[in-house]
Structure formats: C-alpha cells, structure tokens
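Read off the chains here:
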Amino acid sequence: VRVRGGRRVSLVHSLLSQLVQDEQERTDALERQAHCVAAREVGEAHHRARWTKVYYEPCPLPDLFVASYALDIPLMTQPELAWLPEFLLSLPGPPATFAVENDGDEGPQLGAPHGLGPAAGQPRRWMSAVTGEGGLAHPFYLYVREMRAEVAARQASLLGQNEAYAKMSADLQTRRKSLQQLALVEEEEEEEEAAAAGGPDGAA
C-alpha cells in the first residue's frame, strides 16, 4: 500500500523507526544475555585451574586489561570473557608443542618467551611441532579464537531455543523492509515535488 502525503509518510516513517529501534534494543539485550550465559558455560571448564592460580597469586587488573588488549578480547564491552585472559595468564607459557620460528639458520627456538608483544618490532611467528605447520600466530591467539568461536556457537544455540527472540528477529526484519519501502516513497514524493516546483506553474 502506497501512503501518499509527505507529512503522513514522514510520520509513519518516524513511528516505524522508533519501533525498530526499540525492538533492536530488546533483541540486543537477549543476545547479550545469551552471550553471558554461553561465556560462563564455556569458562566453567577452566574454573579449577583459574581458581587455584588466582587463590595463590591474584592477577592484577592492569595485567588483565593488557592481556585482553593484546589478545583482542573486548573486555570493556564483554566482561564475561575476563576468565579467558585470566586463565592464559595463569599458564607458565605456551604449550611445549609450539616453537618460535627464527629467520636465521638456527631453526625454531624451543622454549622461547611466551610474551604476547612484538619482538624487535615484528610479531613472532610460531610453528607447531605436532603438525609441522609454520607461520602461525601466537598459540594464545589461536586458543582465544577457538574459545570465542565456541562461545558464539553456544550463544547461537541458546538464541535458537528462545521463541521470543525468534519472533522479535522476524518482526524486526519485517519492519526494516517496511522502512526501506517508505524511504522509497519519500524519495519519489520529493522528486515529484521538485519537478512540480520547477514546472511552469511552480516557476510562476
């Protein structure tokens, strides 16, 4: 149905935009809640190791933020992932099956420091002694990527079981399509008004 009349179209567009914004906020809230639950469930497997380390040697908060930044973990927006850098900081270093690649003729350096920062201005590349694959990122990066993928998969599973979320998502998609259609109507009306203003009667 094409709604005519610039003011009516603008009013409907404004109301629909507000509805979309409200529904988007509710959908985001459900996604955030599901992510918190998923992160907690995935992190439970690390609970004992983290608890033992933190009990005897608490992890300073600045170190946690530095590690989170280095590992590209958005701790400020997703604090539920704090267990991940905390767990990695509790480890003495990368797994023994990884070695730092060397640009010289000495070959991979086993037992190299496990720092996450760059060495001599260049990021270290790693090799897996198990697969023989080289040119890898720091093992901690690979582990973080794997854990975040597991959290995302669990979040998707939780949202898939949420009927309210499914309905909100469907309604949101429908209203967004309606907004696009209204935007086209507004554009057509503006072109018609411009053409009428530029005609003989409009010029007079």
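For the structure itself, consult the block above.
The structure reproduced in this document is the subject of the present report. Keep in mind it's a predicted model, so treat the numbers as computed, not measured.

Reading guide: rules and limits
- Residues numbered from 1 in each chain as written.
- Predicted model: local features only at pLDDT ≥ 70, side-chain atom pairs only at ≥ 80, totals over all residues.
- Heavy atoms only, no water.
- Helix = DSSP H or I, 4+ residues; strand = E, 2+ residues; numbered from the N terminus.
- Buried < 20%, exposed > 50% of the residue type's maximum accessible area, 1.4 Å probe, protein only.
- Contact = heavy atoms within 4.5 Å.
- Areas by Shrake-Rupley, 256 points an atom, 1.4 Å probe, with all protein chains shown as cover.
- Arc of directions from axis to C-beta.
- Phe/Tyr/Trp six-rings, centres within 6.5 Å; stacked < 30°, edge-to-face > 60°.
- Polar contact = N/O pair within 3.5 Å; in protein donor to acceptor, adjacent residues only side chain to side chain.

The subject of this paragraph is the overall build of the protein chain. Within the protein chain, the secondary structure is distributed over 7 helices and 2 strands. Ordered by position from the N terminus, the helices and strands of the protein chain form the series α-α-α-α-β-β-α-α-α. Taken over 204 residues, the protein chain has a buried fraction of 27%. Considering only intrachain contacts with a sequence separation of at least 6, the fraction spanning at least 24 residues in the protein chain is 71%. With the model as given, the accessible surface of the protein chain reaches about 13500 Å², and the carbon-plus-sulfur share is 56%.

This paragraph deals with unusual backbone geometry. Phi is positive for Asp 72, close to 60°, though the residue is something other than glycine. When you line up the elements, Asp 72 lands in the loop between α3 (61-70) and α4 (83-89).

Before going further, it helps to spend a moment on α3. Within α3, burial applies to Leu 64, Ala 67 and Ser 68. Taken around the axis of α3, the buried residues stretch over an arc of 100°, which confines them to a single face. Across α3 from its buried face, at more than 90 degrees, point the exposed residues Pro 62, Val 66 and Tyr 69. Each element contacted by the buried residues of α3 is listed here: α4. Downstream of α3 by a residue or two, Asp 72 has a phi angle that is positive, lying close to 60°.

All chains considered together, the criterion is met by 1 aromatic pair. For the ring pair Phe 87 and Tyr 143, a centre distance of 6.2 Å and an interplane angle of 40° mean the geometry is tilted. With Phe 87 in helix α4 and Tyr 143 in helix α5 (residues 139-160), this pair connects stretches of sequence that are 56 residues apart. Note on Tyr 143: relative accessible area 23%, which makes it partly exposed.

Next up on the list: the side chain of Ser 90. Tracing the backbone through its elements, the reader meets Ser 90 in the loop between α4 and β1 (98-100). Residue class for Ser 90 comes out buried when judged on its relative accessible area of 15%. From its side chain, Ser 90 meets the backbone oxygen of Phe 87 in a polar contact 2.4 Å long.

It is worth stressing that arrangement in space is one thing and function is another; only the former is reported here.
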